[in-house]
Amino acid sequence: MTHQRDRTLFTSGLARVEGEGAMYVRVSGGLVDEVQLNIYEPPRFFEAFLRGRSYTEPPDITARVCGICPIAYQTSACQAIEDACGARVAGGIADLRRLLYCGEWIGSHALHIYMLHAPDFLGYPGAVEMAADHRAVVERGLALRRAGNAIMELLGGRAIHPVNVRVGGFYRAPSAAELAPLARQLRDALPLALETVRWAAGFDFPDFTCPHELLALTEPGRYPIERGTLVSSGGLAFTAAEFEQHIAEEHVPHSTALHARLTGTGRSGDGRYLTGPLARYTLNSGSLPPQAAQAAAEAGLGTSCRNPFRSIVVRAVEVVCAIEEALRLIEEYRPPAAPAVPVIPRAGTGHGVSEAPRGVLYHRYELDDDGIIRSARIVPPTSQNQRAIEDDLRRFVAARLDFDDARLTSACEQAIRNYDPCISCATHFLDLRIDRR
Amino acid sequence: VTGPPEPGGKAVVIGVGNEFRRDDGAGPAVVARLRGRVPDGVELHLSDGEPTRLIEAWHGASLAVVVDAVRAEPAVPGRLHRLVLHRAGPGAARPASSHGLGLDDAIGLALALDRMPGALILHVVEAADLSQGTGLSPAVAAVIDAAATAVLRDLRGPAPGP
């Protein structure tokens, strides 16, 4: 099957990707002439579902969009509604919000690194097969995930669809004594996270560079997690309120998900851009806390990383970062006077952004005088990355047309998994199709 | 050996699913029906079916009962199935879960890591509608009580079996 100038491949069931969708690649005349990532995306359903609901409901409802990153949805939703209502969350409540988000980063990244991505580098079809030969390694991943889940259970009320988050803060704030066992668990997890960086840095990485413009949040003096302003590698800088002036979404025939593009500028000229770990790291590596910065340096990451295969190392560094940040926040924690600030509804529009594990997650809500939601917009990271993923696939396949169909399909799957795409966030039916003509 | 929890061992019931995908909410609906009705000490969990979370939920349990929705072809919406997986039975039950990375991977991973519960019983209901939205289809809603009763039977024993 190799060296065909016209090929059509079809594979059903792209494994180890969170979500629902399909991948289609067509090769004609020895050239890759079509690459489509087909996505069936639930945020659009939730946008409609939110209309007519109370301004207090989005944190609970949007947490159901994604089982892997509910905190990201809750945080962006809260910040957008607080923005619409003119409420400001600061101090201990803001610290708890960042601490909770650290839990999600640790848990989500540990899952992707150990269960979804590492089997590609170690030559296993999946985590189950890898566990049989590398039990201690998988146990290390589970211990890290447990540490992340522990934060989410304590602050969120439970790890699945947390129930303690509300607009303005939390229903209940923990005491400092309640956080002490969490600190012990995180201190135990830190060496495991550092070992994860060293382990992942030793993998063999294909030589591949993504040239896209990078977009991430940034915050003065610290690595962006739960809030920030937007910056790009092309020199753009804008706030959440300006998001829709810079990011346009458009329908494409092959997907129910909208494709996002940067308007006006863009390194590629067509608005293609990438958000997520590579963008966060490249635009914020100078803000990493000390142990994460040292681990990144020892892993040879440098100040920027544009090889999507090395995103597993960046995620590992971000796990160290999240644990360090969580420990700092716990150490400095003083329980707030009240677990939430009052949020009084008023007519208006609010915007919220945060760094979900997979990248920038934007929410916008329009409220009426009574706090009823008139419109909602959710732009998840995977839809922003779709064009960049397709472009990377196009170049990746073009350089590997001598592979047979099975090997090429496998390589494409790995290339997609580099981005940890959360394609549907709800259930998981995915097909991969490659046509060679 | 399956059946009621061994003396000293805990029992857990795990409802897997997403109530925003209609019949995928069958597992959580069964768990909701069981609240206040299970024997003392039985833990009730909700799960998205992600394997590492399932393994954590049944860690140390002598009996784990998992309730989930499945896609079947041909489907008889609302039809219930009960499957028993013994500790040493890899591959004995790999149901076609509605979650691609889910129960079968959790079982495989648990077997590889020696983290299986003493006994694992699966109750699955064939789904009619897994589209986005809330509310169970009539055929699935009609069997939630029966599924909850079947789970209670497993928790109280003593009638294990295939």
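From a predicted model like this one, the values you see are computed outputs, not experimental measurements.

Rules and cut-offs
Residues numbered from 1 in each chain as written. Chains lettered and ligands numbered in written order. Predicted model: local features only at pLDDT ≥ 70, side-chain atom pairs only at ≥ 80, totals over all residues. Heavy atoms only, no water. Helix = DSSP H or I, 4+ residues; strand = E, 2+ residues; numbered from the N terminus. Buried < 20%, exposed > 50% of the residue type's maximum accessible area, 1.4 Å probe, protein only. Contact = heavy atoms within 4.5 Å. Areas by Shrake-Rupley, 256 points an atom, 1.4 Å probe, with all protein chains shown as cover. Axes fitted to C-alpha atoms, helices over the stretch in contact; angles between N-to-C directions. Left-handed = near helix turned anticlockwise from the far one by under 90°. Nonpolar A, V, L, I, M, F, W, Y, C, P; charged D, E, K, R; others polar. Parallel < 35°, antiparallel > 145°, perpendicular 65-115°, else oblique. Phe/Tyr/Trp six-rings, centres within 6.5 Å; stacked < 30°, edge-to-face > 60°. Pairing = 2+ DSSP bridges. Core = buried A, V, L, I, M, F, W, Y, C linked by side-chain atoms within 4.5 Å. Salt bridge = Lys/Arg side-chain N within 4 Å of Asp/Glu carboxyl O.

**What to know about the overall build of chain B**
Okay, so step 1: In terms of regular secondary structure, chain B is built from five helices and five strands.
Okay, so step 2: Along chain B, helices and strands appear, N-terminal first, in the series β-α-β-α-β-β-α-β-α-α.
Okay, so step 3: The buried share among the 162 residues of chain B stands at 56%.
Okay, so step 4: In chain B, 84% of the contacts between residues at least 6 apart in sequence involve partners at least 24 apart.

**Some points on the overall build of chain A**
Okay, so step 1: Scanning chain A for helices and strands turns up 13 helices and 15 strands.
Okay, so step 2: Of all intrachain contacts in chain A linking residues separated by at least 6 positions in sequence, the fraction that spans at least 24 positions is 74%.
Okay, so step 3: Of the roughly 14700 Å² that chain A leaves accessible, carbon and sulfur atoms contribute 49%.

**Focus on the packing of helix H1 (residues 26-34) of chain B against helix H5 (residues 144-156) of chain B**
Residue and element names in this part refer to chain B.
Okay, so step 1: With their axes 9 Å apart at the nearest point, H1 and H5 run at an angle of 65° to one another. Handedness of the crossing formed by H1 with H5: right-handed. Residues Ala 26, Ala 29, Val 30, Arg 33 and Leu 34 of H1 form the contact with H5, whose own contacting residues are Ile 144, Asp 145, Ala 147, Ala 148, Val 151 and Leu 152.
Okay, so step 2: Looking at the contact of H1 with H5, its residues break down into nine nonpolar, no polar and two charged.

**What about unusual backbone geometry?**
All names here are of chain B.
Okay, so step 1: Positive phi, normally seen in glycine, also occurs at Arg 22, with a value near 45°.
Okay, so step 2: One non-glycine residue, Asp 114, adopts positive backbone phi at about 55°.
Okay, so step 3: Residue position: Asp 114 is located in the loop between helix H3 (103-112) and strand S5 (119-126).
Okay, so step 4: Residue Asp 114 is classed as exposed on the basis of its relative accessible area, which comes to 56%.

**Digging into the packing of helix H4 (residues 91-122) of chain A against helix H7 (residues 176-201) of chain A**
Residues and elements named next belong to chain A.
Okay, so step 1: Where H4 contacts H7, the axes come no closer than 12 Å and their chain directions differ by 30°. Between H4 and H7, the angle falls in the class roughly parallel. Every pair of crossing elements has a handedness; the one defined by H4 and H7 is left-handed. Between H4 and H7, the contacting residues are Leu 99, Ile 106, Ile 113, Tyr 114, Ala 118 and Leu 122 on the first element and Leu 179, Leu 186, Thr 196 and Trp 199 on the second.
Okay, so step 2: Of the residues in the contact of H4 with H7, the class split is nine nonpolar, one polar and no charged.

**Notes on the packing of aromatic side chains**
Residues and elements named next belong to chain A.
Okay, so step 1: Considering all chains together, one arrives at 13 aromatic pairs over all chains under this definition.
Okay, so step 2: Between Tyr 114 and Trp 199, the aromatic rings sit 4.9 Å apart at their centres with planes inclined by 10°, giving stacked as the arrangement. Placement of the pair is Tyr 114 in helix H4 and Trp 199 in helix H7, with a sequence separation of 85 residues.
Okay, so step 3: Among the residues examined, Tyr 114 registers a relative accessible area of 1% and is labelled buried.
Okay, so step 4: Given the relative accessible area of 15%, Trp 199 is considered buried.
Okay, so step 5: Between Phe 309 and Phe 396, the aromatic rings sit 5.5 Å apart at their centres with planes inclined by 35°, giving tilted as the arrangement. Pair noted here: Phe 309 is in the loop between helix H10 (290-298) and helix H11 (311-331) and Phe 396 is in helix H12 (residues 381-398), with a separation of 87 residues, a long-range link.
Okay, so step 6: Residue classification places Phe 396 among the buried residues on the basis of a relative accessible area of 3%.

**A closer look at the sheet that holds strand S13 (residues 359-367) of chain A**
Residues and elements named next belong to chain A.
Okay, so step 1: In spatial order, the strands read S12-S13-S14; together these three strands make up an open sheet with antiparallel pairing. The two strands at the open ends of the sheet, each matched to only one other strand, are strand S12 (348-356) and strand S14 (373-379). Neighbour-to-neighbour, the strand axes of the sheet open up by a mean angle of 10°, direction not taken into account.
Okay, so step 2: Here nine bridges tie S12 to S13, and the two strands are oriented antiparallel to one another. What sits directly across from Val 353, in S13, is Tyr 362.
Okay, so step 3: Across the sheet, H12 lies against S12, S13 and S14, angled at about 130° from S13, the strand it touches most.

**Observations regarding the nonpolar core**
Okay, so step 1: Leu 186 and Ile 323 of chain A together with Trp 58 of chain B are the most contacted members of the largest nonpolar core, which has 148 residues in total.
Okay, so step 2: Apart from the residues within four sequence positions on either side, Trp 58 of chain B is in contact with Val 12, Ile 14, Ala 64, Val 66, Leu 103, Ala 106, Ile 107, Ala 110, Arg 115, Met 116, Pro 117 and Leu 120 of chain B.
Okay, so step 3: Counting 27 residues, the second largest nonpolar core, distinct from the first, contains Val 30, Val 38, Ala 127 and Ala 148 of chain B.

**What about the pattern of salt bridges?**
Residues and elements named next belong to chain A.
Okay, so step 1: Scanning the entire structure with this criterion turns up 38 salt bridges over all chains.
Okay, so step 2: Of the charged contacts in the structure, one is a salt bridge between Arg 26 and Glu 34, with a shortest N-O distance of 3.8 Å.
Okay, so step 3: The salt bridge partner of Arg 98 is Glu 226, with a shortest N-O separation of 2.8 Å. Here the residue Arg 98 occupies a position in helix H4, and Glu 226 occupies one in the loop between strand S6 (213-218) and strand S7 (229-232), the gap between them amounting to 128 residues.

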